[in-house]
Amino acid sequence: MRDPVIGVVGAGYVGLTTTACLAHLGNRVICVDVDGSKVDGLRHGEVPIAEPGLAELVAEGLAARRLEFTTDASTLGDAEVVLLCLPTPMGEAGVADLSVLESALGELAGVLAPGCVVVMKSTVPVGTTARAGELLGRSDVPVVSNPEFLREGHAVHDFLHPDRIVVGTEDTGAAARVVGLYAALDAPVLRTDPASAELAKYASNAFLALKLSYVNALAELCERVGADVRAVGRVLGLDNRIGPAFLAPGPGWGGSCLPKDTSALLRTAEAAGVDFGLLRETVAVNVAQRERVVRKVRRAVTGSPRGSLAGVRLGLLGLTFKAGTDDLRHSPALAVAAELSRAGAVLTAYDPRAGGAGHPDLDGIALVDDPYLVAKDAAGIVLLTEWPEFRDLDWATLAALADHAAVVDTRNLLDPDTLCGTGWVHTGIGTPGDQ
Ligand code: UGA
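Rules used throughout
Residues numbered from 1 in each chain as written. Predicted model: local features only at pLDDT ≥ 70, side-chain atom pairs only at ≥ 80, totals over all residues. Near = placed C-beta within 6 Å. Domains from an automatic or database assignment. Contact = placed C-beta atoms within 7 Å. Helix = DSSP H or I, 4+ residues; strand = E, 2+ residues; numbered from the N terminus. UniProt positions renumbered as here; feature names shortened; annotations may be inferred. Pairing = 2+ DSSP bridges. Axes fitted to C-alpha atoms, helices over the stretch in contact; angles between N-to-C directions.

**Student:** Would you mind going over the site of the ligand in detail, with residue names and values included?
**Tutor:** Contacts to the ligand come from 22 residues, most closely from Glu152, Ala248, Gly250, Gly255 and Cys257. Both domains that meet at the shell around the ligand, namely domain 1 (5–191) and domain 2 (193–435), each give it at least three residues.

**Student:** Hey, could you go over the domain arrangement of the chain for me, with residue numbers and the actual values?
**Tutor:** Assigned domains within the chain: domain 1 (5–191) and domain 2 (193–435). The C-alpha-based centres of domain 1 and domain 2 are spaced at 33 Å. Across the contact, 22 residues belong to domain 1 and 21 residues belong to domain 2. Counting residues per element, the ones that place at least two in the side of domain 1 that touches domain 2 are helix H5 (128–136) and strand S7 (165–168).

**Student:** Give me the lowdown on the UniProt feature "active site" (unreviewed entry) in the chain, citing residues and values where you can.
**Tutor:** Within this numbering scheme, the UniProt entry marks Cys257 as carrying the feature "active site" (unreviewed entry). Along the chain, the position of Cys257 falls in the loop between helix H9 (229–237) and helix H10 (258–271).

**Student:** Outline the sheet that holds strand S10 (residues 346–350), supporting the account with residue identities and numerical values.
**Tutor:** Sheet architecture is open: six strands sit in the order S11-S10-S9-S12-S13-S14, paired in parallel fashion. Each edge of the sheet is formed by a strand with only one pairing partner; in this case those strands are strand S11 (365–367) and strand S14 (425–427). Here the average twist between neighbouring strands, direction ignored, is 25 degrees. In this sheet, S10 lies alongside strand S9 (residues 313–317) in parallel orientation, the contact comprising five bridges. Paired with Leu316 across the bridge in S10 is Ala349. The strands touched by helix H11 (residues 277–302) within the sheet are S9, strand S12 (380–383), strand S13 (406–409) and S14, with S13 carrying the most contacts at an inclination of about 165 degrees. Strands in contact with helix H12 (residues 332–342) are S9, S10 and S11; relative to S10, the strand with the most contacts, it is inclined by about 155 degrees.

Have a look at this one:
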């Protein structure tokens with residue numbers, strides 16, 4: 001008898017990570033994706049996304065014959081569990097677009113065996129798990145909400161070492177099946193109703209956004225009163241109730257999840273007649289943060305927060321939404337670049353990972369593959385992503401190349417004292433002397 005099959009639909013970063021990790025835990029996994037060339041590549045161990053450890057786990061699963069990639073959903077006829085890991089992009093007016101999910105459910109309805117459990121891993125609005133059950137139209141196939149909390153760049157680690165596993169269903173048998181998938185992992189399991197599981201995912205990401213907007217607003221206050229946001233953050237972080245993570249100020253928060261999920265939660269609140277002003281303000285502070293960075297740049301290069309940037313050459317270090325990823329989606333670095341561009345600045349940018357070419361938000365930015373070229377004849381440098389290698393650049397050489405050695409360090413990555421010795425005037429975020 002063959003081992004039971006677990007199906008995964010969608011080979012994006014959540015689907016592939018889930019596939020590879022479940023195979024690593026000893027399961028036989030079939031991953032289905034509509035993209036034929038992606039599937040072909042995966043069969044040969046070609047992993048299209050840069051997630052540390054993922055390619056190794058895919059190779060391990062293929063070698064052990066526990067992994068299969070296909071475009072054919074009918075191969076899931078023997079599956080005991082099918083996990084849906086499909087994109088739910090922000091559609092019209094900030095409402096999540098569920099069309100991909102709907103078409104997958106339509107296809108699976110005629111394929112799945114009685115008693116199979118369908119698992120919603122995609123981040124979906126409250127009520128979607130129940131709706132998916134209706135769309136599937138199979139009373140013998142329960143649908144369970146089991147949201148993922150993987151960070152880009154840490155997805156394999158986060159899958160294998162989760163903070164918690166959330167299983168949202170009223171069906172005890174289905175819940176046991178889903179809990180069983182993670183039996184080898186050491187993490188608390190929370191059983192909830194489907195709506196609470198769905199909402200918890202949005203609430204987690206929106207809370208992270210709230211924490212970041214709080215710290216970014218606090219950074220401005222620190223500058224005004226001569227305090228240091230890093231010291232304040234250390235004090236806050238040692239309170240167990242607050243925790244040390246997500247207290248580093250920056251150019252604003254971004255990525256493919258926090259902005260999408262915060263907006264979607266706001267829409268859910270509006271639709272439910274709840275005035276969630278705190279979330280609106282969280283988003284407003286994030287937009288204001290970009291404008292504040294632009295004012296800092298104006299001050300650093302012209303001496304005035306209202307000085308003109310028309311025709312001013314600026315070098316940008318970092319474009320991705322955070323370090324450790326090649327992802328440019330909703331990157332605060334690009335949002336700041338767009339504002340600078342609108343103000344007339346002439347931009348040259350370097351990022352160690354962003355492929356970039358062809359990305360619409362990069363129009364008008366000259367991309368270079370040597371970080372020193374961003375300084376050439378520049379009136380200043382704006383550091384936008386916290387790539388650690390930027391610390392190790394030869395800042396004396398950068399100063400010699402620049403017209404004016406002013407650096408706006410929106411991640412507080414650089415050591416101002418070291419830089420000072422190389423001729424740079426450093427402006428950070430939320431530390432004394434910054435404006
Ligand atoms: C986020 C959540 O952290 C994951 O738990 C969640 O599973 C994931 O979304 C998702 O829903 O799929 P991710 O989008 O990879 O993960 O990004 P984060 O690491 O959360 O960073 C978000 C933004 O906050 C970035 O722009 C980052 O630079 C910024 N940030 C983070 C700061 O400005 N300061 C900090 O101290 C931390």
